[in-house]
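# Structural description and commentary
Listed below are the residues making up each chain.
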Amino acid sequence: MSHTQALCRFLAELNYEQLPENVLARTEDLYLDWLACALASKGAHPIPLFERYAHKMGPSSGPAQIIVSGASSSAYFAALVNGASSHLVEQDDLHNSSVLHPATVVFPAALAAAQDLGKSGRELLLASVAGYEAGIRIGEFMGRSHYRIFHTTATVGTLAAAVAVGKLLDFNEEQFINLLGSAGTQAAGLWEFLRDAADSKQLHTAKAAADGLLAAYLTADGLTGARNILEGDQGLAAGMSSDAQPSRLSAGLGTRWALLETSFKFHASCRHTHPAADALLDLMQREGLGADHIARVETRVHQGAIDVLGRVAVPATVHQAKFSMGTVLGLIAVHGKAGLTEFHHLALTDPAVASFRDKVSMTLDPEVDGAYPQRWLGRVSVTTTDGRTLHGAIDEPKGDPGNTLNREALADKFQRLTRFSDARTPAQADALIDKAWNLRNAASMAHWL
């Protein structure tokens, strides 16, 4: 049996009763966090473009809900818009070793299909776990080389979304094999957009969620796909990786719940900036430093951070600022936080932040690079204006499984994000928080919002 076959057999046989309580609770937490991210993007460019496209090309109403507007559409177009909206504010979850943002591709597809198919909260949770477990393993299989050129959440995300919908459709092993073939042949998404401050990142997640759903619905109707799309001579790894590890596809199935390893994002920026941001903040608090006491900051990082963040020198947009190590650390040093409000009102306009940005550099560190992607270490060296050299170190950034956000912190984050976009009143937000934490008791996901 190939590793792909083993994965597909596991997915086909997985049932709700197999899911441990901590996996179910964590999935509800991840769903709540994803919903906050989607609501936070209400009205923000380029999400209205996706809404207008769905309105023009899709039905005027349908069984699936578009989160930012409350409108309804077909499952395909709801997945498209919700996939775009939940990845905009850079607060959605991340799994470290796969470098995959699972929520922004799995939940849009799963929720849209669950609403279309009349499924319950339990069925949505099971499908989401399947999407996470498959997506994370496929991301790990593709290796570090894949991420240098390809946006893993776009490529692997297409397969993760497809698996979630396939589980809602109760696929057997053979159908999952065909499903991966049809999803994998659509997988795409390149990092080049960062150089131009282009909007492609939202297109990546929109298409991953929608195309995953497309692959599942067509598979249910009899469409076949390549049987060895992951490991084959002309498959994903052959074309998109130089260090693929097939054994990662089947390792620990049913015993290692990879979903539990997913991190929540605290800062509203690219996850590659978080370790250094936490290390700098910790050092400044420990030493009693202000931004004006700092002459230089050297961040010692892994190669993946240089590959992604090194494309942005002087950010031209708020979104691009979230991929600027200097800007993120400038917000941390000058204002003590790098949240949505700070990015939208200070990242591009505050001279103190711009001045601090120019003090920040990135250096490849063997220890940090060797630990990545399993561990994202934060290491900074600060030179003070009075000539001292100080060092900061963080082994688990805030939001990592060992330094996670508890439910109180997640509720606070939900309130902050929905307040930022004025998407919900505090009372309405509280009601959605309660509903998310009781997702397993929802008899139907229809009109859940």
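See the structure printed just above.
This section reports on the structure supplied with the text. (Residues numbered from 1 in each chain as written. Predicted model: local features only at pLDDT ≥ 70, side-chain atom pairs only at ≥ 80, totals over all residues. Heavy atoms only, no water.)

### Here we look at the overall build of the protein
- A tally of regular secondary structure across the protein gives 20 helices and eight strands.
- For 449 residues, the compact-globule formula gives about 22 Å, and the C-alpha radius of gyration of the protein, at 21 Å, lands near that figure.
- C-alpha extents for the protein along the principal axes are approximately 70 × 50 × 40 Å.
- Counting all 449 residues of the protein, 60% fall into the buried class.
- Counting only contacts in the protein whose residues sit at least 6 apart along the sequence, the fraction spanning at least 24 positions is 78%.
- Of the accessible surface of the protein, which amounts to about 16000 Å², a share of 50% is contributed by carbon and sulfur atoms.
- Averaging the locations of the 38 positively and 47 negatively charged side chains of the protein gives two centres separated by 2 Å. (Helix = DSSP H or I, 4+ residues; strand = E, 2+ residues; numbered from the N terminus. Rg over C-alpha atoms; globule rule 2.2 N^0.38 Å. Buried < 20%, exposed > 50% of the residue type's maximum accessible area, 1.4 Å probe, protein only. Contact = heavy atoms within 4.5 Å. Areas by Shrake-Rupley, 256 points an atom, 1.4 Å probe, with all protein chains shown as cover. Lys, Arg positive; Asp, Glu negative; His and termini not counted. Charge placed at Lys NZ, Arg CZ, Asp CG, Glu CD.)

### Here we look at the packing of helix H2 (residues 21-40) against helix H6 (residues 121-149)
- It is at 10 Å that the axes of H2 and H6 come closest, and there the two elements cross at 90°. The angle between H2 and H6 places the two elements in the roughly perpendicular class. Residues Val23, Leu24, Thr27, Glu28, Leu30 and Tyr31 of H2 touch H6, and the partners they reach there are Leu124, Leu125, Ser128, Val129 and Tyr132.
- A per-class count over the contact of H2 with H6 returns eight nonpolar, two polar and one charged. (Axes fitted to C-alpha atoms, helices over the stretch in contact; angles between N-to-C directions. Parallel < 35°, antiparallel > 145°, perpendicular 65-115°, else oblique. Nonpolar A, V, L, I, M, F, W, Y, C, P; charged D, E, K, R; others polar.)

### Quick word on empty space enclosed by the protein
- Applying the stated rule across the entire model yields two cavities of 30 Å³ or more.
- As a volume, the largest cavity reaches approximately 90 Å³.
- Lining the largest cavity are 14 residues, and of these His101, Tyr147, Trp191, Cys270 and His272 sit closest to its centre.
- Across the lining of the largest cavity, the residue classes break down as seven nonpolar, four polar and three charged.
- Looking at the second largest cavity, the residues that line it are His272, Pro275, Ala276, Arg300, Val301, His302, Ala305, Met325, Val368, Leu377, Gly378 and Arg379.
- Sorting the residues of the lining of the second largest cavity by element identifies helix H12 (274-287), strand S5 (294-301) and strand S7 (378-384) as the ones contributing at least two each. (1 Å grid on protein atoms, 1.4 Å probe; cavity = no way out; pocket = protein on both sides within 12 Å on 5 of 7 lines; lining within 4 Å. Points joined across faces, edges and corners; volume = space filled by probe spheres on them.)

### Things to note about the pairing of strand S8 (residues 389-394)
- Taking every second residue as pointing to the same face, the buried face of S8 carries Leu390, Gly392 and Ile394, while none of Thr389, His391 and Ala393 on the other face is buried.
- Here S7 runs beside S8; their pairing, made up of six bridges, is antiparallel. Counterpart to valine 380 in the pairing with S8 is glycine 392. (Pairing = 2+ DSSP bridges.)

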